[in-house]
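Letter by letter, the chains look like this.
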Amino acid sequence: MLNAVLAMPFDNLETTIREDAETVLVRRAAKGDVRAFEAIYRQHVGRVFGAVQRLTGGNAARAEELTQEAFLRAWQRLGSFRYESAFGTWLYRLAVNTALMDLRSRAGAEALEDPLPEHDTLAGIDTVLRHATQLELERAIAKLPPRARAVLVLHDIEGWRHEDIGNELGMATGSSKAQLHRARGLLRKHLEN
């Protein structure tokens, strides 16, 4: 085993060591070690909060509540983590699902009923995005209707596939694509104004 580890390229070795350290923390936390869970929290809270805040439209107070709820759920469900994927991936997915459940409960049908703009094209969006500051972009994303914002964040920022977005939001794949098209058009309009 040691020879196999020593033969690894340095990047792979560093990743393996980091993953092993995290696995040790997760196993300890699953047995009730609060300090191990605190270390996991500190390691992942920034990324989790950032994604949840984007999904809540920039509402920092709500994002904080949902981030805490996600970590509470993670603590309660550590025993169900199967070590088939990276723990960070599992935790992140749990946090996004927590935010999406909140979005569904708050937005309801109103987010699905907003009509799509008739002439919603993507012409020029790349130019608009290149000239927007991070703050302008975050503010424009926050102005999007909840369903469109969720699809945009999950697809364009988090890299989810439309099939996965559709499953999580309870919509058809085509609806996810339409919402993304709508969100991009609205985003462009917000940034141009």
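Below, the structure is looked at part by part. What you see is a predicted model, and the numbers here were worked out from it, not measured in a lab.

Section: unusual backbone geometry
Backbone geometry follows two general trends: most residues other than glycine have a negative phi, and most peptide bonds adopt the trans configuration.
Then, in step 1: Although it is not a glycine, tyrosine 83 adopts a positive phi angle of roughly 60°.
Then, in step 2: Within the fold, tyrosine 83 resides in the loop between α4 (60-77) and α5 (87-107).

Let's talk about the packing of aromatic side chains
Then, in step 1: One pass over the full model with this rule turns up seven aromatic pairs.
Then, in step 2: Centroid distance phenylalanine 37 to tryptophan 75: 5.0 Å. Interplanar angle 65°. Geometry classified as edge-to-face. On the criterion of sequence distance, the pair formed by phenylalanine 37 in helix α3 (residues 34-55) and tryptophan 75 in helix α4 is long-range, its members being 38 residues apart.
Then, in step 3: We classify phenylalanine 37 as buried; its relative accessible area is 11%.
Then, in step 4: For tryptophan 75, a relative accessible area of 32% puts it in the partly exposed group.
Then, in step 5: For the ring pair phenylalanine 87 and tryptophan 90, a centre distance of 5.4 Å and an interplane angle of 35° mean the geometry is tilted. Here phenylalanine 87 pairs with tryptophan 90, and both are found in helix α5, just three residues apart, close to one helical turn.
Then, in step 6: Note on phenylalanine 87: relative accessible area 3%, which makes it buried.

Side note on helix α11 (residues 173-192)
Then, in step 1: A rise of 1.5 Å per residue sets the reference length of α11, with its 20 residues, at 28 Å; its end C-alpha atoms lie 29 Å apart and thus fit the reference within 8%.
Then, in step 2: Listing the buried residues of α11 in full gives Ser176, Gln179, Leu180, Arg182, Ala183, Gly185, Leu186, Leu187, Arg188 and Leu191.

Some points on the pattern of salt bridges
Then, in step 1: Under the criterion given, the structure shown has eight salt bridges.
Then, in step 2: When the shortest N-O distance is used, the salt bridge between arginine 62 and aspartate 102 registers 2.6 Å. Of this pair, arginine 62 sits in helix α4 while aspartate 102 sits in helix α5, and the two are 40 residues apart along the sequence.
Then, in step 3: The salt bridge involving aspartate 164 is made with arginine 161; its shortest N-O contact spans 3.3 Å.
Then, in step 4: Among the charged side chains, a network of salt bridges with common partners joins Arg62, Glu65 and Asp102.

Scoring rules and cut-offs
Residues numbered from 1 in each chain as written. Predicted model: local features only at pLDDT ≥ 70, side-chain atom pairs only at ≥ 80, totals over all residues. Heavy atoms only, no water. Helix = DSSP H or I, 4+ residues; strand = E, 2+ residues; numbered from the N terminus. Phe/Tyr/Trp six-rings, centres within 6.5 Å; stacked < 30°, edge-to-face > 60°. Buried < 20%, exposed > 50% of the residue type's maximum accessible area, 1.4 Å probe, protein only. Expected span 1.5 Å × (residues − 1). Salt bridge = Lys/Arg side-chain N within 4 Å of Asp/Glu carboxyl O.

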